[in-house]
Amino acid sequence: VPFHCSVEEALCLSGKLMQLSQQLEELLSDEEQLARILDLVVACEVEALSSKSSSSAAVTTYLSSLLELAEGAKQQINHFVKPTSVLETFSFALSELRHRYSGGISLAKHY
């Protein structure tokens, strides 16, 4: 079903999206905030999978790989890589990591 809205609603939504984008850009300009965002992603994954982590080798390996991925992203921040590039690379790698382990664990059930 296509999404329909009035021109006024579309402009309002565009304005809100621009504000959110600007807020995210401000957060990303602070290296510590970006590191906290990465830590939060890891913490959310750990929490979502905590009941399975001790009984599943796939979950343990996934979480270990995720931690390595986040730490690598933080190293990039410290080496003056653009924050947006760090976040984009991390997001893509996280998607690939999830896909790689999708047969062994189901993340969708935990959110």
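What you see is a predicted model, and the numbers here were worked out from it, not measured in a lab.

Rules and cut-offs
Positions within a chain are numbered from 1, following the residues in the order the chain's sequence is written. A pLDDT threshold of at least 70 governs which residues receive local features in this predicted model, and a stricter bar of 80 or more applies before side-chain atom pairs are shown or counted, although totals over entire chains, interfaces and linings include all residues. To get the side-chain values, take all heavy atoms of the structure and skip hydrogens and water. Lines fitted to C-alpha atoms define the axes, with helix axes restricted to the stretch in contact, and inter-axis angles between N-to-C directions lie between 0 and 180 degrees. Runs of E in the DSSP output that reach at least two residues are strands. Runs of H or I that reach at least four are helices, and both are numbered from the N terminus. These descriptions rest on fixed angle ranges, namely under 35 degrees for roughly parallel, over 145 for roughly antiparallel, 65 to 115 for roughly perpendicular, and the rest for oblique. Left-handed describes a crossing whose near helix is turned anticlockwise from the far helix by less than a right angle; the clockwise case is right-handed. Residues are treated as being in contact if the distance between any of their heavy atoms lies within 4.5 Å. Polarity classes work like this: nonpolar for Ala, Val, Leu, Ile, Met, Phe, Trp, Tyr, Cys and Pro, charged for Asp, Glu, Lys and Arg, and polar for all others, with Gly in that last group. We define a salt bridge as a side-chain nitrogen of Lys or Arg found within 4 Å of a carboxyl oxygen belonging to Asp or Glu. The rule is simple: take the accessible area with a 1.4 Å probe, protein chains only, and divide by the maximum for that residue type; under 20% is buried, over 50% is exposed, in between is partly exposed. How far a helix is expected to stretch is found by multiplying one less than its residue total by 1.5 Å. As used here, the arc is the angular range of directions from the helix axis to the C-beta atoms. What we call a nonpolar core is a set of buried Ala, Val, Leu, Ile, Met, Phe, Trp, Tyr and Cys residues that are connected through their side-chain atoms within 4.5 Å.

J.: I would appreciate a short explanation of the packing of helix 3 (residues 57–78) against helix 4 (residues 83–100) in the present structure.
T.: Each pair of packed helices can be described by the angle between their axes along with the distance between the axes. Packing of helix 3 against helix 4 brings their axes to within 10 Å, and their N-to-C directions diverge by 165°. When the axes of helix 3 and helix 4 are compared, the pair comes out roughly antiparallel. Our pair here, helix 3 against helix 4, has a crossing hand that is right-handed. Judged by residue contacts, Tyr62, Ser65, Leu66, Leu69, Ala70, Ala73, Gln76 and Ile77 of helix 3 engage Val86, Phe90, Ala93, Leu94, Leu97 and Arg98 from helix 4. Here the residues of the contact of helix 3 with helix 4 are counted per class, giving 11 nonpolar, two polar and one charged.

J.: How should the pattern of salt bridges be read in this particular structure?
T.: The tally for this structure, following the rule as stated, stands at four salt bridges. Two residues, Glu32 and Arg36, come together in a salt bridge whose shortest N-O distance is 3.5 Å. With Glu32 and Arg36 both in helix 2 (residues 31–53) and four residues apart, the pair spans about one turn of that helix. Here Arg36 falls in the partly exposed class, since its relative accessible area comes to 49%.

J.: Can you walk me through unusual backbone geometry in this structure?
T.: Peptide bonds are trans in most cases, and residues, glycine excluded, mostly fall at negative phi. Although it is not a glycine, Phe80 adopts a positive phi angle of roughly 65°. Here Phe80 falls in the exposed class, since its relative accessible area comes to 72%.

J.: For this particular structure, what's the right way to read helix 4?
T.: Structural remark: α-helix, 3.6 residues per turn; residues separated by three or four positions point the same way. For helix 4, spanning 18 residues, the distance from its first C-alpha to its last is 25 Å, which sits close to the expected 26 Å at 1.5 Å a residue. For helix 4, every residue scored as buried is listed here: Val86, Leu87, Phe90, Leu94 and Leu97. Taken around the axis of helix 4, the buried residues stretch over an arc of 90°, which confines them to a single face. Opposite the buried face of helix 4, at more than 90 degrees from it, the exposed residues are Glu88, Phe92 and His99.

J.: How should I be thinking about the nonpolar core in this particular structure?
T.: Across soluble globular proteins, nonpolar side chains have a tendency to be buried as a group. If you look at the biggest cluster of nonpolar residues, it comprises 18 residues, and the most contacted ones within it are Leu34, Tyr62, Leu63, Leu66 and Phe90. For this core, the secondary-structure elements that each account for two or more residues are helix 2, helix 3 and helix 4. Setting aside residues up to four positions removed in sequence, Leu66 forms contacts with Val42, Glu45, Phe90, Leu94 and Leu97.

J.: Got a minute to help me understand helix 3 in this structure?
T.: The terminal C-alpha atoms of helix 3 lie 32 Å apart, and with 22 residues this matches the ideal 32 Å at 1.5 Å per residue to within 8%. Residues Val59, Tyr62, Leu63, Leu66, Ala70, Ala73, Lys74 and Ile77 constitute the buried set of helix 3. Projected down its long axis, helix 3 shows its buried positions confined to an angular sector of 110°, all on one face. Facing away from the buried side of helix 3 by more than 90 degrees, the exposed set consists of Ala57, Glu68, Gln75 and Asn78.

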